[in-house]
Amino acid sequence: MVFQGQHILSIDQLDRDAVERIIQVADDMTPYATRVKCCNVLDGAILANLFFEPSTRTRISFGTAFNLLGGHVRETVGMTTSSLSKGESLYDTARVTANYADVIAVRHPEIGSVADFARGSNVPVINGGDGANEHPTQALLDLYTIHNELEALGKDKGTIKIAMIGDLKNGRTVHSLTRLLCLFPNIQFTFISPQALAMPDKVLEACDNAGLNYSISEDFHYGLKNQDVIYLTRVQEERFTTQEEANLYRGKYCLNQSLYQQYCAKDTIIMHPLPRDSRPEANELSEDMNDNPNLAIFRQTHYGVKVRMALFALVLGVEDKLSQFEK
Ligand code: CP
């Protein structure tokens, strides 16, 4: 895949070679992401960061990644502060913003909206999450996390067992990550959710087409056992018609240190895309796990900066020039 000038909208665009290239370039970013060295390869370049739906990590890490490469960031946050609230179309917003920026990151609550937006842009558009559909950069950083965590434990060869637990229907991160992991033949999935929040058929079909084994259950304790990685998600209450409906499922699965010790295999890595819902009625990942060395959630957020730096470098065609622009 040639990255330069491309939109990054869906995991389906990526093949195994493309993913391995992203991992390689993310590794190259280590000295700049950790501030051991400075690089201004994107000096003069502008990122438009358009977030029409709430975000902490994705928005800030896109901006940080661009800044760490020497570029500048312009932002719109929320629907009401944008002219979308005056009836402007995504197409017009894109046509205009593309005149102001070299690359655009977009998050929007509607499925397919970022692809619609990209039709109006002649600069690369990166999907920062479109409703319950996809979150491709999160999937790439999750894959990068799994790669690094299991390699550190010497568990990166052979079958890798991954349980995804929670709201698998509405969680866009689990949709994108499952599709991405379909490029790797040694993955064995366990999908744990209430029946009403099961992984969509389209995602299961991708597993079938890739020849990957998976089991499906509502049994939380079963999902915790014998896994290399447990990937938890919160109930995506903003995707439900009513809060009452979301409340039926919040608090159903809660991992804490006591359950980890009772059910999980030694060295099982715990991941979560964050935010975790720490309110007592939900609490799918207890803060009493914060000192567990296998809790990878905060390392995930660091890896996210490196992966997003890699994507900016690749779509802007500067990935081989980093060392020339060290300060
Ligand atoms: N993981 C993630 O997308 O977090 P934010 O919603 O805070 O960006």
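Definitions and cut-offs
- Along each chain, residue indices are assigned from 1 in the same order as the chain's sequence is written.
- With the structure being a predicted model, the display of local features is reserved for residues of pLDDT at least 70 and the display and counting of side-chain atom pairs for 80 or more, all residues being used for whole-chain, interface and lining totals.
- Just so you know, side-chain values use all the structure's heavy atoms and leave hydrogens and water out.
- Runs of E in the DSSP output that reach at least two residues are strands. Runs of H or I that reach at least four are helices, and both are numbered from the N terminus.
- As defined in this context, the radius of gyration uses C-alpha atoms, and a globule is described by 2.2 Å times the residue total to the power 0.38.
- Exposure classes here rest on a 1.4 Å probe applied to the protein chains alone. A residue is buried below 20% of its type maximum, exposed above 50%, and partly exposed in between.
- By the convention used here, residues are in contact when the closest approach between their heavy atoms is within 4.5 Å.
- Using a 1.4 Å probe, the Shrake-Rupley method yields the accessible areas, and only the shown protein chains count as cover for residues.
- For the purpose of counting charges, residues Lys and Arg are taken to be positive, whereas Asp and Glu are taken to be negative. His and the chain ends are not included.
- Charged side chains are reduced to one point each, which is NZ for Lys, CZ for Arg, CG for Asp and CD for Glu.
- Proximity is defined per residue: if any heavy atom of the residue lies within 4 Å of a molecule or strand, that residue is considered near it.
- Two N or O atoms count as a polar contact when they lie within 3.5 Å, although within protein this holds only if one can serve as hydrogen donor and the other as acceptor, and sequence-adjacent residues are included solely when both atoms are side-chain atoms.
- For this classification, the nonpolar set comprises Ala, Val, Leu, Ile, Met, Phe, Trp, Tyr, Cys and Pro, the charged set comprises Asp, Glu, Lys and Arg, and every other residue, Gly included, is treated as polar.
- Domains are outlined according to an automatic or database domain assignment.
- In plain words, nonpolar cores are sets of buried Ala, Val, Leu, Ile, Met, Phe, Trp, Tyr and Cys residues tied together by side-chain atoms within 4.5 Å.
- Salt bridges are counted wherever a side-chain nitrogen of Lys or Arg sits within 4 Å of a carboxyl oxygen of Asp or Glu.
- The pairing criterion is simple: DSSP has to find at least two bridges between the two strands.
- The path from the first strand over the helix to the second decides the hand: if it runs clockwise while the strands point away from the viewer, the crossover is right-handed.

Q: Is there a simple way to think about the overall build of the protein in this case?
A: Within the protein, the secondary structure is distributed over twelve helices and nine strands. Computed over C-alpha atoms, the radius of gyration of the protein comes to 19 Å, within 12% of the 20 Å expected from 2.2 N^0.38 for 327 residues, which places it in the range of a compact globule. Along the three orthogonal principal directions, the C-alpha set of the protein runs to about 55 × 45 × 40 Å. Buried residues in the protein amount to 56% of all 327 residues. Intrachain contacts of the protein at a sequence separation of at least 6 include 76% that bridge at least 24 residues. If you sum the accessible surface of the protein, you get close to 14000 Å²; carbon and sulfur atoms cover 47% of it. Positive and negative charge centroids in the protein, built from 31 and 41 side chains respectively, lie 3 Å apart.

Q: Honestly, unusual backbone geometry in this entry has me stumped. Any pointers?
A: Across residues other than glycine, the phi torsion is negative in most instances, and most of the peptide bonds are trans. Put simply, L274 and P275 share a cis peptide bond, and its omega is 5°. One can find P275 in the loop between β9 (269-271) and α12 (297-315). Although it is not a glycine, L274 sits at a positive phi angle of roughly 65°. Structurally, L274 is set in the loop between β9 and α12. The exposure class of L274 is buried, given its relative accessible area of 13%.

Q: Just to check I follow, could you spell out the site of the ligand for this structure?
A: Taken together, S55, T56, R57, T58, R107, H135, Q138, P273 and L274 form the complete shell of residues around the ligand. At a separation of 2.9 Å, an oxygen atom of the ligand approaches a polar side-chain atom of R57. At 2.9 Å, a backbone N or O of L274 approaches a nitrogen atom of the ligand. By residue class, the composition of the shell around the ligand is two nonpolar, five polar and two charged. There are two domains that each give the shell around the ligand at least three residues, and those are domain 1 (11-134 + 304-325) and domain 2 (136-301).

Q: Teacher, can you tell me more about the nonpolar core here?
A: One recurring pattern in soluble globular proteins: nonpolar side chains tend to sit buried together. Among the nonpolar cores identified, the biggest contains 72 residues, and M164 and F312 are the most heavily contacted of them. The element that contributes the greatest number of residues to this core is α12, accounting for ten residues. Residue contributions to this core reach at least three from each of two domains, namely domain 1 (11-134 + 304-325) and domain 2 (136-301). Other than its neighbours up to four places away in sequence, F312 contacts L42, L47, F62, A65, F66, L69, V103 and I126. Core analysis: the second largest hydrophobic core is formed by 18 residues, A163, I165, F220 and I230 among them.

Q: Please clarify how the pattern of salt bridges should be interpreted in this entry.
A: Where charged atoms of side chains with opposite charge meet at close range, the side chains can pair. This model, assessed by the stated rule, comprises 17 salt bridges. Across the salt bridge formed by D116 and R119, the nearest N and O atoms sit 2.3 Å from each other. Given the relative accessible area of 59%, R119 is considered exposed. In this structure, a network of salt bridges that share partners links the residues E237, R250, D277, R279 and E281.

Q: Is there a simple way to explain the pairing of strand β6 (residues 187-192) in this structure?
A: Remember that side chains alternate between the two faces of the sheet whenever the strand is regular. Most of β6 is tucked away: five of the six residues are buried. Two elements, strand β5 (residues 160-165) and β6, share six bridges in a ladder whose sense is parallel. Counterpart to I165 in the pairing with β6 is I192. Each parallel crossover has a hand, and for β5 linked through helix α7 (residues 172-181) to β6 it is right-handed. Pairing geometry for β6 and strand β7 (residues 213-217), over five bridges, is parallel. Counterpart to F189 in the pairing with β7 is Y214. Crossover handedness for the path β6 to helix α8 (residues 201-210) to β7: right-handed.

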